[in-house]
Amino acid sequence: MKTPDGKHIALTFHSHPEKDLEMRWKAVVDFPPGAGPESVLSVRMEDGLGEKVKSAVFEFAGKRIAIEDGAGELSYADFVAGKHSVPVWVYRDGVKPVPGGLTFE
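Notes on the structure in this doc start here. (Residues numbered from 1 in each chain as written. Predicted model: local features only at pLDDT ≥ 70, side-chain atom pairs only at ≥ 80, totals over all residues. Heavy atoms only, no water.)

## Structural notes on the packing of aromatic side chains
Here's step 1: Across all of its chains, the model carries 9 aromatic pairs by this definition.
Here's step 2: Between F31 and F79, the ring centres sit 5.0 Å apart and the planes meet at 75°, which makes this aromatic pair edge-to-face. Here F31 is found in strand β2 (residues 25-31), whereas its partner F79 is found in helix α1 (residues 76-82), with 48 residues between them in sequence.
Here's step 3: For the ring pair Y76 and F79, a centre distance of 6.3 Å and an interplane angle of 50° mean the geometry is tilted. You can see Y76 and its partner F79 sitting in helix α1, 3 residues apart, about one turn around the helix.
Here's step 4: Over the ring of Y91 we find R64; its NZ or CZ atom is 4.3 Å from the centre of that ring. (Phe/Tyr/Trp six-rings, centres within 6.5 Å; stacked < 30°, edge-to-face > 60°. Helix = DSSP H or I, 4+ residues; strand = E, 2+ residues; numbered from the N terminus. Lys NZ or Arg CZ within 6 Å of the ring centre and 35° of its normal.)

The structure is reproduced here in structure tokens:
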């Protein structure tokens, strides 16, 4: 499995609605052109105010991805292995976990 050469793909996830904007989150998983098993995917995350999430764990594709200063990484091979895993959550110290899902922008 490989992404098309010359085409950038991004999956965007949003949290379920939360009253407190700081509890909301948006995560973008970037697939570089021609990504394959050896590729590393970048993960960008911000809160509902548009600020980088300082520290969190993003549960996606059956993996828990460490997010520091709004960024993390996932191997393409791990994405393929966990692509049918449904749970999407963000965990942050001292606050309740917030679920989310794939969205279209």
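More follows now that the structure is in view.
## A word on the pattern of salt bridges
Here's step 1: Under the defined criterion, the tally for this structure stands at 4 salt bridges.
Here's step 2: In this structure, the salt-bridge partner of E18 is K96, at a minimum N-O distance of 3.3 Å. One end of the pair, E18, is in the loop between β1 (9-15) and β2; the other, K96, is in the loop between β7 (89-91) and β8 (98-103), with 78 residues separating them in the sequence.
Here's step 3: Owing to a relative accessible area of 48%, K96 belongs among the partly exposed residues under this scheme.
Here's step 4: Linking D30 and R44 is a salt bridge whose minimum nitrogen-to-oxygen distance equals 2.9 Å. Of this pair, D30 sits in strand β2 while R44 sits in strand β3 (residues 40-47); the two residues are 14 residues apart in sequence, bridging distant segments of the chain.
Here's step 5: You can call D30 buried: its relative accessible area is 11%. (Salt bridge = Lys/Arg side-chain N within 4 Å of Asp/Glu carboxyl O. Buried < 20%, exposed > 50% of the residue type's maximum accessible area, 1.4 Å probe, protein only.)

The quantities given are spatial measurements derived from coordinates; they are silent on function.
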